[in-house]
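Coordinate inspection notes
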Amino acid sequence: MKSLLKRFFKRDKVKYQREASAVKRFTRSKVGNVFYFLFLGAFGLFSVLPLIYCVTSSFKPLDEIMIFPPRLILVLRPTFENYLSLPNLLSNLKIPLSRYITNSVFVSVITTALYVFVSAMAAFVLAKGKLKGSKVIFLIVQFALLYTSYTLAVPQYLVFSKLNLIDTYGVYILPYLASTMGVFLMKQYIDGYVPNALMEAAEIDGAGYFRIFFQIIIPIVKPCLLTLTLFGFRDVWSAVPQGTIFSEQLKNLPQVMAQVTAGGIARSGSAMAVTVIMMIPPILVYMISQSNVVEAMSSAGIKE
């Protein structure tokens, strides 16, 4: 037995040395690494440039915002006037600002939770369920990814009108429950990380589909769930229904903030301040789930 274990570990050691030499053979030089990281750093800075410009512009007085050529980062005379002026701009509202904030938080939390739950259950059925025509259904899901919200605006309005959902919270929640991005991403993740042997073992132990879903699938796909939470919260938080919400008591925070940004050039600084405030919740959600987002997106195309 000892000799068998010795030969086994010796074989693994030789295999590891071969793999290490192969990796070393294809590793870039130090100069190549320097250029590689400089390129990634420059591209990363370019990607966050709009965010930096938005934050710095929110602290600029109007004359610095209007200067040409614009200063992207430099702020000569920083001021908080753009933020301090927001209460005055919103003081003429018929509904308290807290009502809009409550609507946004309520809709974002409920819609995100339902969106993640429905996407996970639909993906589980398509990936591991014994459903006839599942490949055809998934093909339809992939084709549905090609349609934008503008394409679906008129059909959605007709459906909401027939169901008497105009001026209700349903126009916020229902469109996202049918979103195909979550189903696509979750199904790809389940295909790559949930082996069929695990499902068969659970079925032999007498577990039903609901028990398998909640006790086996959900813990495994946690990174993907957090990824969908980020995407769903980001989209719902910034959503502005077009032609379906008319009551002031049902409007959300982005709709009332749009009134501030629609004030023309004179409110450019306040518009930047509003944009910064609206970005804070999605950024906080991303900071909580960033590692899981990277893991889920890197494995979305992996299959067993």
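Everything below is about the structure printed above this text.
Here's a quick rundown of the structure. (Residues numbered from 1 in each chain as written. Predicted model: local features only at pLDDT ≥ 70, side-chain atom pairs only at ≥ 80, totals over all residues. Heavy atoms only, no water.)

For the structure shown, the criterion picks out one cavity of 30 Å³ or more. Taken as a whole, the largest cavity holds about 30 Å³ of empty space. For the largest cavity, the full set of lining residues is Tyr53, Ser57, Lys60, Glu64, Ile65, Ile67, Pro70 and Arg71. Of all the secondary structure elements, the ones that give two or more residues to the lining of the largest cavity are helix H2 (30–57) and helix H3 (62–65). Partitioning the lining of the largest cavity into residue classes produces four nonpolar, one polar and three charged. (1 Å grid on protein atoms, 1.4 Å probe; cavity = no way out; pocket = protein on both sides within 12 Å on 5 of 7 lines; lining within 4 Å. Points joined across faces, edges and corners; volume = space filled by probe spheres on them. Helix = DSSP H or I, 4+ residues; strand = E, 2+ residues; numbered from the N terminus. Nonpolar A, V, L, I, M, F, W, Y, C, P; charged D, E, K, R; others polar.)

Any space left empty among the atoms is revealed by the rolling of a water-sized probe across them. As a volume, the largest pocket reaches approximately 1,000 Å³. For the largest pocket, the lining is made up of 30 residues, of which Ser149, Leu152, Gln156, Pro175 and Tyr176 are closest to its centre. If you tally residues by element for the lining of the largest pocket, the top one is helix H8 (residues 149–162), at seven residues. Taken together, the residues of the lining of the largest pocket break down into 20 nonpolar, eight polar and two charged.

Counting 38 residues, the largest nonpolar core has Met186, Ile190 and Ile217 as its most contacted members. For this core, the secondary structure elements donating two or more residues are helix H6 (97–128), helix H10 (180–193), helix H11 (196–204), helix H12 (209–220), helix H13 (222–237), helix H14 (253–261) and helix H15 (268–298). Those residues within four positions of isoleucine 190 in sequence are excluded, and the remaining contacts are Ala123, Phe124, Ala127, Lys128, Ile217 and Val221. Listed in part, the nine residues of the second largest apolar core include Leu165, Val171, Tyr172 and Ile245. (Core = buried A, V, L, I, M, F, W, Y, C linked by side-chain atoms within 4.5 Å. Buried < 20%, exposed > 50% of the residue type's maximum accessible area, 1.4 Å probe, protein only. Contact = heavy atoms within 4.5 Å.)

For the coordinates displayed, the defined rule picks out 13 aromatic pairs. Look at phenylalanine 106 and tyrosine 169: their rings are 5.4 Å apart centre to centre, the planes differ by 65°, and that puts the pair in the edge-to-face class. Placement of phenylalanine 106 in helix H6 and of tyrosine 169 in the loop between H8 and helix H9 (170–177) is noted, with a sequence separation of 63 residues between them. Under the relative-accessibility criterion, tyrosine 169 is labelled partly exposed at 25%. Between phenylalanine 124 and phenylalanine 213, the aromatic rings sit 5.6 Å apart at their centres with planes inclined by 45°, giving tilted as the arrangement. Of this pair, phenylalanine 124 sits in helix H6 while phenylalanine 213 sits in helix H12, and the two are 89 residues apart along the sequence. In this structure phenylalanine 124 comes out as buried when scored by relative accessible area, which is 5%. With a relative accessible area of 2%, phenylalanine 213 lands in the buried category. These aromatic residues form a ring-pair network of at least three members: Phe117, Phe124, Tyr209, Phe213 and Phe214. (Phe/Tyr/Trp six-rings, centres within 6.5 Å; stacked < 30°, edge-to-face > 60°.)

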